[in-house]
Amino acid sequence: PHLRLRHVSNPDPVWVELAFTAEAGGGILGSLRENSARRIAEEELYKLSTVASMTDLMVIITDRHGRTEFVNQAFTRRTGYTLDEIKGLRPGSFLQGPDTDKSETARIADAIRRNASCQAELLNYTKSGESYWTSLQISPVFNQTGQIERFISVQSDCTQLRQTQSDLQASKQRAEAANIAKSNFLATVSHEMRTPLHVILGTIAELIHDQPHATPATENLLRVERNANTLLRLITDMLDIGKIEAGQICLEPIAFPLRASLD
């Protein structure tokens, strides 16, 4: 049994482990061994596990060597592992799988060797083999003398968040691809429209030149020419859209008749 004793000159209680046996010739042979440090550590673990059991976050408590001492119900619900199945095992030995990032697990292992805190996102696996993403924070716990006693890992399932981010990235890529396709389409159509317009304007210029005097037909040709030039400028502006999106637009200061533009 374990006994709690008080030293005559020290008010702090002392925990001892009592062992005894009956002697064949009568009497009892016993021994006392102090285990205050172990008892205090057990009490501290009990306090930590009590707090951890009341949170919805997954909690793993390991000893200073990284061997599992406690997991809460949230961890068991998400992974399927009970404490009896994994007690004494390192969490990575049963949670990590073929697609877990090895460089990330190496970084975590290095932090644990240095008794340092670390944060990470890992692809873990449940007991049934289902993969899930977890965001974890590992913190060391030191005793009053500064010696490492255990590690506490608090984890949250971020599978849905990762899926949302992946969907957003895919949507962004699709939107960018559609935008590039639209720009390419506008550029192709604009070029195809501009070529026959040049032919039309050249033909109109020849027809106007062939008229010896101003006639109603000449005025109609001039009106067609003005509108064709307006259409040509619009097509050129459409080509500029692609240049703007590509960051290749160049502005030119050119004088122009304001009244004619308004007309």
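Rules and cut-offs
- Residues numbered from 1 in each chain as written.
- Predicted model: local features only at pLDDT ≥ 70, side-chain atom pairs only at ≥ 80, totals over all residues.
- Heavy atoms only, no water.
- Pairing = 2+ DSSP bridges.
- Helix = DSSP H or I, 4+ residues; strand = E, 2+ residues; numbered from the N terminus.
- Salt bridge = Lys/Arg side-chain N within 4 Å of Asp/Glu carboxyl O.
- Buried < 20%, exposed > 50% of the residue type's maximum accessible area, 1.4 Å probe, protein only.

**Student:** What is the right way to read the pairing of strand 8 (residues 148-157) from this model?
**Tutor:** A regular strand places its side chains on the two faces of the sheet in alternate fashion. Two elements, strand 4 (residues 58-63) and strand 8, share six bridges in a ladder whose sense is antiparallel. The residue bridging I61 from the neighbouring strand is I152, located in strand 8. Bridging between strand 7 (residues 131-142) and strand 8 involves nine bridges; their strand directions are antiparallel. In the strand pairing of strand 8, V141 is matched with R150. With antiparallel pairing between neighbouring strands as the criterion, strand 7 and strand 8 make up a hairpin whose turn holds five residues, including G146 at a positive phi of roughly 85°.

**Student:** What exactly am I supposed to notice about the pattern of salt bridges here?
**Tutor:** When the charged atoms of two side chains lie near each other, side chains of opposite charge can form a pair. Considering all chains together, one arrives at 11 salt bridges under this definition. One salt bridge in this structure joins D63 and R67, with 3.2 Å as the shortest N-O distance. Of the residues examined, R67 reaches a relative accessible area of 34% and is grouped as partly exposed. A salt bridge links R114 to D110; the nearest nitrogen and oxygen atoms lie 3.0 Å apart.

**Student:** What is the right way to read unusual backbone geometry from this model?
**Tutor:** Most peptide bonds are trans, and most residues other than glycine sit at a negative phi. The phi dihedral of N115 falls on the positive side, at around 55°, and the residue is not glycine. For N115, a relative accessible area of 30% gives the class partly exposed.

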